[in-house]
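Structural overview for review
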Amino acid sequence: MFTYVLNVMSDDHPGIIAAVTSAVEALGGNVDSCSQTVLGGYFTLIMIVSLGEAIDPVALREHVVRETAGSCKIDVSVRAVAEESKEKEKVERFVITAFGKDQVGIVRRFSEYLADHEMNITDMYGCRRENSDGEMEFLLTGQVEIPVRWNYTLLQCDLQAIGDQLGFTVRLQHENIFMATNRIRYRN
């Protein structure tokens, strides 16, 4: 099998996923995994697809654009997936939630801290909204992979210190605890 990453962006409207997956299927391809969202009226989709035969990423991109042109106008980028030979460090999955008064630099502050501690953000969502008092607040939630060598209690203290500086409430919970206490499943 030959594996590719497809990244699709478009103005949002119904039928984009159907058109893109039909184009992949026309090549005998299969969707291994995908994640899709709409932000500010813009549709985004990232897919990992497998094909039985190798194809040049540019040719795959052109095929998807051509096959979807009748139903939607999309921007597509394609990258072949290289096999990983590097041994990965053991990690645990956690969910970080942070919320408070909206201000510049929130996403940067938290993401810099996580990057500096070699924690990988695998999924993130942030939104600005008006609260019941008419003030703008920001909610940030993310799924992060934390190397097992880190002391999670110290990490929570560090993250809360950043939250205190910003006037934010911050929680770091193991994914299993988050799912059990919130009765929802975070995306894998």
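Report on the accompanying structure. (Residues numbered from 1 in each chain as written. Predicted model: local features only at pLDDT ≥ 70, side-chain atom pairs only at ≥ 80, totals over all residues. Heavy atoms only, no water.)

1. Remarks on the environment of V76
Selection rule: Helical segments are the DSSP runs of H or I of at least four residues, strand segments are the runs of E of at least two, and each set is numbered from the N terminus. Per-residue accessibility, obtained with a 1.4 Å probe over protein chains only, is compared with the maximum for each type, and a residue is labelled buried under 20%, exposed over 50%, and partly exposed between these values. In this analysis, two residues are considered to be in contact whenever any of their non-hydrogen atoms come within 4.5 Å of each other.
Residue position: V76 is located in strand β4 (residues 75–80). Residue classification places V76 among the buried residues on the basis of a relative accessible area of 8%. Residues V76 and S50, 26 residues apart in the sequence, show an inter-C-alpha distance of 17 Å. In contact with V76, other than residues within four places in its own chain, are N7, V8, R61, V64 and V65.

2. So, the sheet that holds strand β7 (residues 136–147)
Just so we agree on the cut-off: Whether two strands pair comes down to DSSP finding at least two bridges between them. To define axes, lines are fitted to C-alpha atoms, for helices over the stretch in contact only, and angles between the resulting N-to-C directions are given on a 0 to 180 degree scale.
With antiparallel pairing, four strands are arranged side by side in an open sheet as β6-β7-β5-β8. Bordering the open sheet on either side are β6 (120–130) and β8 (168–174), each of which pairs with just one other strand. Strand after strand, the sheet turns through a mean of 15° between neighbouring axes, direction not considered. Summarising the sheet, β6 and β7 pair through 10 bridges and their orientation is antiparallel. Bridge pairing in β7 places I121 opposite V144. Packed onto the sheet, helix α3 (residues 106–116) meets β5 (91–101), β6, β7 and β8 and runs at close to 10° relative to β7. Strands in contact with helix α5 (residues 175–182) are β5, β7 and β8; relative to β8, the strand with the most contacts, it is inclined by about 110°.

3. Focus on the pairing of strand β1 (residues 2–11)
Note that β1 and strand β3 (residues 42–51) share 10 bridges and pair antiparallel. Each residue of the ladder has a partner; that of V8, found in β3, is L45. As paired elements, β1 and β4 share six bridges and run antiparallel to each other. For M9, the partnering residue across the bridge sits in β4 and is D75.

4. What to know about the packing of helix α1 (residues 16–26) against helix α2 (residues 57–68)
Applicable threshold: Orientation labels follow simple angle bins: below 35 degrees gives roughly parallel, above 145 gives roughly antiparallel, 65 to 115 gives roughly perpendicular, and whatever is left gives oblique. When the near helix sits turned anticlockwise from the far one by under a right angle, the crossing is termed left-handed; a clockwise turn instead gives a right-handed crossing. Residue type decides the class: Asp, Glu, Lys and Arg count as charged, Ala, Val, Leu, Ile, Met, Phe, Trp, Tyr, Cys and Pro as nonpolar, and the leftover types, Gly among them, as polar.
Where α1 contacts α2, the axes come no closer than 9 Å and their chain directions differ by 125°. Here α1 is positioned oblique relative to α2, judged by the angle of their axes. Judged by the twist between their axes, the crossing of α1 over α2 is right-handed. Of the residues in α2, those in contact with A19, V20, A23 and A26 of α1 are H63, V64, E67 and T68. A breakdown of the residues in the contact of α1 with α2 according to their chemical character gives five nonpolar, two polar and one charged.

5. Some remarks on the sheet that holds β4
By definition, the strands of a sheet pair up through backbone hydrogen bonds, in either a parallel or an antiparallel sense. Taken together, four strands build an open sheet; the order of strands is β2-β3-β1-β4 and the sheet is antiparallel. With partners counted over all chains shown, the strands left at the sheet margins are β2 (30–39) and β4, one partner each. Taken pair by pair, the neighbouring strands of this sheet meet at an average axis angle of 15°, ignoring direction. Set on the sheet, α1 makes contact with β1, β2 and β3; between it and β3 the angle comes to about 20°. Along the sheet, α2 makes contact with β1, β3 and β4, crossing β4 at roughly 150°.

Function cannot be inferred from these measures alone, as they are strictly geometric.
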